[in-house]
Amino acid sequence: GGEDRNPAIAPDGNTVYFLSERKGGSMNVYQMSLKNPKEVKAVTSFKTHPVRFLTVSDNGTLCYGYDGDIYVKKASSDPVKLSVSVKSDSNTEDLATLSVSGGSDNSLSKDGKQVAFINRGEVFVASTEFNTVKQITNTAAAEADVVFSPDGKKLAYATEREGIWNIYTAEM
């Protein structure tokens with residue numbers, strides 16, 4: 001009953017988190033056990049907008065986008081909306097504030113300490129522990145589908161340059 005997508009395996013190797021439109025509602029996060037796939041449990045219950053871009057870290061922290069914001073959720077706690085502000089630390093005289101709303105395509109690092117996301121067509125990485133954000137790309141092309149490498153030292157993302165979509169990497 002509804003579309004299921006974006007499966008993410010939890011560190012226990014048995015739990016699968018996924019997005020679903022079950023029960024005729026908006027896209028939300030659900031979980032199921034591989035040992036008992038008929039037993040499905042809702043993890044979120046948002047009503048007005050769909051949840052998007054689900055990822056899970058090595059410590060089981062979920063990360064997803066909802067209504068243009070990025071949320072993290074630990075196992076038995078409520079979701080926490082991340083406050084993201086982008087500042088340059090290269091020249092304190094030229095600090096700029098960039099409103100991050102309507103962001104898309106996020107990815108949580110395996111250790112849960114960083115979130116990569118796309119905002120206004122550019123790739124950014126934010127710390128979940130500190131008030132820091134780093135802009136990774138600054139191109140005329142739009143970037144999409146950002147993900148961390150398994151070791152967390154690189155990012156991969158798609159971008160359309162010269163009319164062709166390709167996969168690029170950036171070292172952290």
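Residues numbered from 1 in each chain as written. Predicted model: local features only at pLDDT ≥ 70, side-chain atom pairs only at ≥ 80, totals over all residues. Heavy atoms only, no water.

Trainee: Let's hear about the sheet that holds strand β1 (residues 4–9): which residues, and what values?
Mentor: Taking strand neighbours across the sheet as the criterion, the four strands line up as β1-β2-β3-β4 in an open arrangement whose pairing is antiparallel. Of all strands in the sheet, those with a lone pairing partner are β1 and β4 (40–42), marking the two edges. Neighbour-to-neighbour, the strand axes of the sheet open up by a mean angle of 30°, direction not taken into account. Where strand β2 (residues 15–20) and strand β3 (residues 28–33) come together, six bridges link them in antiparallel fashion. (Pairing = 2+ DSSP bridges. Helix = DSSP H or I, 4+ residues; strand = E, 2+ residues; numbered from the N terminus. Axes fitted to C-alpha atoms, helices over the stretch in contact; angles between N-to-C directions.)

Trainee: Residues and numbers for unusual backbone geometry, please.
Mentor: Although it is not a glycine, arginine 120 sits at a positive phi angle of roughly 50°. Looking at the element boundaries, arginine 120 is found in the loop between β10 (114–119) and β11 (122–127). Look at arginine 120 and you get exposed, because its relative accessible area is 61%. For glutamate 162, which is not glycine, the phi dihedral falls at a positive 55°. Within the secondary structure layout, glutamate 162 lies in the loop between β14 (154–161) and β15 (164–171). (Buried < 20%, exposed > 50% of the residue type's maximum accessible area, 1.4 Å probe, protein only.)

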